[in-house]
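Structural overview
Each chain is listed here by its residues.
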Amino acid sequence: MFNKILIANRAEIACRIARTCRRLGIASVAIYSEADEGSPHTDQADEAYCVGPGPVSESYLNGEKIIEVAKRTGCDALHPGYGLLSENAQFIAAVESAGLTFIGPQPATVELMGDKQRARSFARECDVPIVPGSDELTDDQSAIEFAEAIGYPVLVKAAAGGGGIGMKVAKKEKALIKALAECRRRGESAFGSAKVYLERYISKPRHIEIQVLADKHGKAIHLFERECSIQRRHQKVVEEAPSVLMSKHPGLRERMTAAALALTRQANYLNAGTVEFIVDETGQFYFIEMNTRLQVEHPVTELITGLDLVALQIEIAAGHPLSLSQEDVSMTGHAIECRVYAEDPEKLFLPAPGKIGRYREPDNVRVDSGVRANWDVVSFYDPMIAKLSAHGASRQAAIDEMLKALAGYQIEGLTNNLSMHDRVLRSTAFHEGDFDTLWLEGFMKDG
């Protein structure tokens, strides 16, 4: 097992990784920017070092500095968390070249799955269904011709993107031209690539993902599904496990998990990953991407399975075989996660950075947070404050626990989305499982 791990991330996910390291008896090293000095995640680790100014490009994306800190402090492994450098193949290769173990998949796999078009082609080779779509589009005219061939609406996507960034729906030619320009710009800014492509737009899609684990010894298993359809701007805000959709389409779970494992095995995947699908109204599912890292919403999987995904990631990276077989993994109850953001749901979910005054977390659910009282939520970073994860014997029991937690969560002085979560969980559509990836934005507009 590793002696010391550098956590190449910040806020709640850095706190979460540090907790598992402590439980496993592994020393941990945190990094922080000047804007994050004294932050909770630096307190959770055994050591903490500044890696630069507030902007992520000068600190948390400074791979050379991060690796230097890892080597100087005697780390033998690095955990990237999610976002930032977690899916950067060049950074992973540099980590390995420095003699450190990267806790995640290999650079070639990250590169394959990081390019959505290559990933789509690979999925097709694995006989995994994909949404009909184009190859890379080099000019607007070819995009217009493809859209006319498959029919509007179409979905423009950044080829190198992930997490909902660089995606726009276009219902006609004028909107398509505008969407192409915006997705190219977002792709270049967020991922360093302006490549885009088109997909047929699936109306009323459900977003279902399968958690997988694979070791160096050829074993791969799944940890069931998560439902992630409650979204704004293609980014998740409420997740749950299992999905209520499975009871509406018998055999869907078995087909989706089989497809996810086929993709995982044929990619020679290593460590934790998530295979993401959309499901249409008939129950037909389509591969959209594979996230080659730990997901933000992993707590709901941990709650229904009783497993520690970070501990399993570390054990796999250390070369240990998976101690679990597929038959060992079972579901107990239901779990729901609410992402708490410093944003205004009444104003198109506009980020609302500012200073937290009094702060008190609920004690009846799992809380993954990276803030405290009198803490500044700055504009440099994602405005997520915390994740609340409730578990119950049934879906209704989990909803009840979450409603209690939302009512007991005190965040003074900072605009947040707690009231939105309360409304969502009390809505008829949520209770009946009758929603899709566009439902939330319409629900908020309707008041």
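The paragraphs below set out a description of the structure included in this document. (Residues numbered from 1 in each chain as written. Predicted model: local features only at pLDDT ≥ 70, side-chain atom pairs only at ≥ 80, totals over all residues. Heavy atoms only, no water.)

So, the overall build of the protein chain
- Secondary structure assignment for the protein chain yields 16 helices and 22 strands.
- Relative to the globule expectation of 22 Å for 447 residues, the C-alpha radius of gyration of the protein chain, 21 Å, shows essentially globular dimensions.
- If one aligns the C-alpha atoms of the protein chain with their principal axes, the spans along those axes are about 55 × 50 × 45 Å.
- Burial statistics for the protein chain: of 447 residues in total, 58% are counted as buried.
- Put simply, 66% of the contacts in the protein chain that link residues at least 6 apart link residues at least 24 apart.
- The averaged location of the 62 negative side-chain charges in the protein chain is 2 Å from the averaged location of its 50 positive side-chain charges. (Helix = DSSP H or I, 4+ residues; strand = E, 2+ residues; numbered from the N terminus. Rg over C-alpha atoms; globule rule 2.2 N^0.38 Å. Buried < 20%, exposed > 50% of the residue type's maximum accessible area, 1.4 Å probe, protein only. Contact = heavy atoms within 4.5 Å. Lys, Arg positive; Asp, Glu negative; His and termini not counted. Charge placed at Lys NZ, Arg CZ, Asp CG, Glu CD.)

Quick notes on a positive patch on the surface
- Among the surface-exposed residues, Lys168, Lys172, Lys174, Lys178, Arg185, Arg186 and Arg233 lie close enough to one another that they form a single positively charged patch.
- At four residues, the largest contribution of residues to the positive patch is made by helix 8 (residues 173-191).
- Tracing the backbone shows Lys172 in the loop between strand 7 (167-170) and helix 8. (Patch = residues over 30% accessible without salt bridge, like charges linked within 9 Å, V, L, I, M, F, W, Y side chains within 5 Å. Areas by Shrake-Rupley, 256 points an atom, 1.4 Å probe, with all protein chains shown as cover. Salt bridge = Lys/Arg side-chain N within 4 Å of Asp/Glu carboxyl O.)

Focus: unusual backbone geometry
- Each neighbour pair has its own omega, and for Tyr152 with Pro153 the value is 0°, a cis peptide bond.
- Here Pro153 lies in the loop between helix 7 (140-150) and strand 6 (154-158).
- A cis amide bond links Ala241 to the next residue, Pro242, at an omega of -5°.
- Within the secondary structure, Pro242 sits in the loop between strand 11 (235-241) and helix 9 (245-248).
- The residue Leu348 is not glycine, and still its phi comes out positive at about 60°.

Some remarks on the packing of helix 7 against helix 8
- For the pair helix 7 and helix 8, the least separation of the axes is 10 Å and the interaxial angle reads 130°. By the angle between their axes, helix 7 is oblique relative to helix 8. Between helix 7 and helix 8 the crossing geometry is right-handed. For the pair helix 7 and helix 8, contact is made by Asp140, Ala143, Ile144, Ala147 and Glu148 and by Glu173, Leu176, Ile177, Leu180 and Arg184, respectively. (Axes fitted to C-alpha atoms, helices over the stretch in contact; angles between N-to-C directions. Parallel < 35°, antiparallel > 145°, perpendicular 65-115°, else oblique. Left-handed = near helix turned anticlockwise from the far one by under 90°.)

Quick look at a negative patch on the surface
- Among the surface-exposed residues, Asp139, Glu145, Glu148 and Glu173 lie close enough to one another that they form a single negatively charged patch.
- By the secondary structure assignment, Glu148 is in helix 7.
- Overall, the relative accessible area of 52% leaves Glu148 in the exposed class.

Digging into the sheet that holds strand 6
- Read across the open sheet, the three strands follow the order 7-6-8; overall the sheet is antiparallel. Here the strands that pair on one side only, and so sit at the sheet edges, are strand 7 and strand 8 (196-200). Averaged over all pairs of adjacent strands, the angle between strand axes in this sheet comes to 25°, irrespective of strand direction.
- Here four bridges tie strand 6 to strand 7, and the two strands are oriented antiparallel to one another. Bridge pairing in strand 7 links Val156 to Lys168.
- Contacting strand 6 and strand 8, helix 7 runs over the sheet at an angle of about 10° to strand 8. (Pairing = 2+ DSSP bridges.)

Concerning the pattern of salt bridges
- Evaluation of the coordinates by the stated rule reveals 30 salt bridges.
- Close ionic contact of Lys387 with Glu12 constitutes a salt bridge, the shortest N to O distance being 3.1 Å. Of this pair, Lys387 sits in strand 21 (residues 384-392) while Glu12 sits in helix 1 (residues 11-24), placing them 375 residues apart in sequence. The same class applies to Lys387 and to Glu12, which are both buried.
- Salt-bridge contacts for Arg339 lead to Glu297; the nearest nitrogen and oxygen are separated by 2.9 Å. In this pair, Arg339 is assigned in strand 14 (residues 334-341) and Glu297 in the loop between strand 13 (285-291) and helix 11 (298-305), connecting sequence segments 42 residues apart.

Regarding the pairing of strand 6
- Within strand 6, five of the five residues are buried, which leaves the element mostly enclosed by the surrounding structure.
- Judged by which residues are buried, strand 6 turns out to be covered on both faces: Val154, Val156 and Ala158 on one side and Leu155 and Lys157 on the other are all buried.
- Bridge analysis of strand 6 against strand 8 gives five bridges, and the strand direction is antiparallel. Across the sheet, residue Val154 finds its bridge partner in strand 8, namely Arg200.

Observations regarding the environment of Ala194
- One can find Ala194 in the loop between helix 8 and strand 8.
- Along the chain, Ala194 and Ala160 lie 34 residues apart, while their C-alpha atoms are 8.1 Å from each other.
- With residues up to four places along the chain from it excluded, the contact list for Ala194 reads Arg184 and Glu188.

Remarks on the environment of Ser189
- As for its placement among the helices and strands, Ser189 is situated in helix 8.
- Since its relative accessible area comes to 63%, Ser189 is described here as exposed.
- C-alpha separation for the pair Ser189 and Gly166, spaced 23 residues apart in sequence, amounts to 9.6 Å.

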